[in-house]
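# A structural walkthrough
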Amino acid sequence: MRRVTLTQYLIEQQRNHGKVSPELRLLIEVVARACKAISHAVSKGPLAGIGDAVGSLNVQGEAQKKLDVIANEVLIEANEWGGQLAAMVSEEMDGPYQIPNRYPKGAFLLLMDPLDGSSNLDVNISVGTIFSVLRCPEGVTEPDDKAFLQPGAKQVAAGFAVYGAATILVLTVGNGTVGFTLDRELGSFVLTQERIMIPEDTQEFAINASNMRNWGAPVKRYIDECLAGKTGPRGKDFNMRWVASMVADVYRILSRGGVFMYPCDAKHKEGRLRLMYEANPMALIVEQAGGAATNGQQRILDIQPGALHQRIGVILGSKNEVERVTGYHTQQ
């Protein structure tokens, strides 16, 4: 069996489909190399004190772990000098990071959640990195917040890495969703999932049940129907899964189907997840795998962002289940 590396895959996308320019290929490869470095740091666990708090808060008001800071620095240092980027933004930074003048600038913008699920580091649960690529608007040489505020449908690539038993890289460049596994002996990401497709129907849902008291009626209706099982209106039993690490929950859905929900509720009226760093890239990945992603009212990729760190409700996964939950919202 021919082993296809990430580089080979990207070159084939460039040659055969016109989906990846040489500059975009280099950008994705650099991000992947940074993910390998972060994976190595994660694998050291308590030996490196990676779950230790650093005593500071990020722009979201969340306590930063040591590896949150390290992962952010690794991604910046890897990407600032190559000439593919005009600027980058991160969940861990207030505003855009401008490419230093000593380096050439490129045509792309990079958005990243350097270490998704870092609160799980202490208990050795999978964490990951999420990234998204946009084109820099024409004529913009010093991108500000506004340059990044593009609907998710304009993403030219999106992906995430999961640092678990294996390090997995999931990627879309607009021609389906694929998965790579890090071969640590070779130091390469190798294609292991050539065409990821999410089943349209499922019997599994993921939601934080501790927020039940805050849920709106549409979400409560859907979950109650699932919990009623074979004797309820759905006529089948459902399983519930919740890792509390978005990369792990979404990877499970990509692997075997399901629906992931972190909806707006009475406590999180605007939603909990970030549109730019989490919802948009995951929505593109899921849609390219045949799934769907909404905020309960509309397609996530159609939403016009209003701020870099905007929060949003998220319902994504198996198409028919997402449409059902969204329908319950629109029926109100």
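Everything numeric here is computed off the predicted structure, so don't read it as measured data. (Residues numbered from 1 in each chain as written. Predicted model: local features only at pLDDT ≥ 70, side-chain atom pairs only at ≥ 80, totals over all residues. Heavy atoms only, no water.)

Along the chain, Thr167 falls in strand E8 (residues 167-172). In contact with Thr167, other than residues within four places in its own chain, are Ser39, Val162, Phe180, Thr181, Leu182, Arg184 and Phe189. (Helix = DSSP H or I, 4+ residues; strand = E, 2+ residues; numbered from the N terminus. Contact = heavy atoms within 4.5 Å.)

Moving on: the sheet that holds strand E12 (residues 239-240). One open sheet accounts for five strands, arranged E12-E11-E13-E17-E15; its pairing is mixed. Edge positions in the open sheet fall to E12 and strand E15 (292-294), since each of these has one partner strand only. Set on the sheet, helix H8 (residues 319-330) makes contact with strand E13 (259-262), E15 and strand E17 (314-317); between it and E17 the angle comes to about 155 degrees. (Pairing = 2+ DSSP bridges. Axes fitted to C-alpha atoms, helices over the stretch in contact; angles between N-to-C directions.)

A separate point is the packing of helix H5 (residues 217-227) against H8. To characterise two packed helices, one gives the angle between the axes of the helices and the distance between these axes. Running from amino to carboxyl end, H5 crosses H8 at an angle of 135 degrees, the nearest separation of the two axes being 8 Å. The angle between H5 and H8 places the two elements in the oblique class. Where H5 crosses over H8, the handedness of that crossing is right-handed. For the pair H5 and H8, the contacting residues are Pro218, Val219, Arg221, Tyr222 and Glu225 in the first and Glu321, Arg324, Val325, Tyr328 and His329 in the second. Partitioning the contact of H5 with H8 into residue classes produces five nonpolar, one polar and four charged. (Parallel < 35°, antiparallel > 145°, perpendicular 65-115°, else oblique. Left-handed = near helix turned anticlockwise from the far one by under 90°. Nonpolar A, V, L, I, M, F, W, Y, C, P; charged D, E, K, R; others polar.)

What follows deals with the sheet that holds strand E9 (residues 177-183). Strand order in the open sheet formed by eight strands is E4-E3-E5-E6-E7-E8-E9-E10, with mixed pairing between adjacent strands. In the strand order of this sheet, the two ends are held by strand E4 (97-98) and strand E10 (188-193), each with one partner. Sheet topology note: the strand E6 (residues 127-135)/strand E7 (residues 157-163) ladder contains seven bridges and is antiparallel. Following the sheet pairing, Val127 is matched in E7 by Tyr163. Each of E8, E9 and E10 is contacted by helix H1 (residues 6-17), which is oriented at about 5 degrees to E8, the strand it contacts most.

Taking burial as the measure, the seven residues of E7 include seven buried ones, the bulk of the element. Pairing of E7 with E8 involves six bridges; the strand directions are antiparallel. The partner of Phe160 across the bridge, within E8, is Val170. Count of turn residues in the E7/E8 antiparallel hairpin: three residues. (Buried < 20%, exposed > 50% of the residue type's maximum accessible area, 1.4 Å probe, protein only.)

Quick look at the packing of aromatic side chains now. Tallied over the entire structure, the rule returns three aromatic pairs. When the ring of Tyr9 is compared with that of Phe180, the centres are 5.5 Å apart and the planes differ by 75 degrees; the resulting orientation is edge-to-face. A residue pair is termed long-range when its members are at least 10 positions apart, and Tyr9 in helix H1 and Phe180 in strand E9 qualify at 171 residues. With relative accessibility at 7%, the residue Tyr9 sits in the buried group. Judged by centre distance (5.6 Å) and plane angle (15 degrees), the ring pair of Trp242 and Phe260 falls under stacked. Note that Trp242 is positioned in the loop between E12 and helix H6 (246-256) and Phe260 in strand E13, a separation of 18 residues in sequence. Of the residues examined, Trp242 reaches a relative accessible area of 26% and is grouped as partly exposed. Residue Phe260 is classed as buried on the basis of its relative accessible area of 1%. (Phe/Tyr/Trp six-rings, centres within 6.5 Å; stacked < 30°, edge-to-face > 60°.)

What follows covers the nonpolar core. Buried together is how nonpolar side chains tend to be arranged in soluble globular proteins. Counting 46 residues, the largest nonpolar core has Phe160, Leu254, Phe260, Met282, Val314 and Leu316 as the members making the most contacts within it. When residues of this core are assigned to their parent elements, the largest contribution, nine residues, is made by helix H7 (residues 275-288). Not counting the four nearest positions on each side in its chain, Phe260 is found in contact with Ala206, Trp242, Met246, Asp249, Ile253, Leu273, Val314, Ile315 and Leu316. Listed in part, the 43 residues of the second largest apolar core include Ala41, Phe108, Val127 and Val156. (Core = buried A, V, L, I, M, F, W, Y, C linked by side-chain atoms within 4.5 Å.)

We now examine the packing of H6 against H7. In contact at an axis separation of 11 Å, H6 and H7 are set at 10 degrees when each is read in the N-to-C sense. Relative to H7, the element H6 lies roughly parallel. Both H6 and H7 take part in a crossing whose hand is right-handed. For the pair formed by H6 and H7, the contact residues are Met246, Val247, Val250 and Leu254 on the first element and Glu278, Met282, Ile285 and Val286 on the second. Of the residues that constitute the contact of H6 with H7, the class distribution is seven nonpolar, no polar and one charged.

Within the secondary structure layout, Gly152 lies in the loop between helix H4 (145-148) and E7. Look at Gly152 and you get buried, because its relative accessible area is 1%. Once the C-alpha coordinates of Gly152 and Arg3 are considered, the two residues, 149 residues apart in sequence, prove to be 32 Å apart. With near-sequence residues (within four places) excluded, Gly152 lies in contact with Asn280, Leu301 and Ile303.

With that settled, the discussion passes to helix H2 (residues 22-43). For H2, spanning 22 residues, the distance from its first C-alpha to its last is 32 Å, which sits close to the expected 32 Å at 1.5 Å a residue. Looking at the residues trailing H2, positive phi occurs at Gly45, about 55 degrees. (Expected span 1.5 Å × (residues − 1).)

Looking now at the pattern of salt bridges. A complete count under the given rule lists 13 salt bridges for this structure. A salt bridge links Glu287 to Arg299; its shortest N-O distance comes to 2.8 Å. Note that Glu287 is positioned in helix H7 and Arg299 in the loop between E15 and strand E16 (311-312), a separation of 12 residues in sequence. Notably, a salt bridge pairs Asp302 with Arg299, separated by 2.9 Å at the nearest N-O pair. Connected through salt bridges with shared partners, the residues Glu204, Asp249, Arg252 and Arg256 form a single ionic network. (Salt bridge = Lys/Arg side-chain N within 4 Å of Asp/Glu carboxyl O.)

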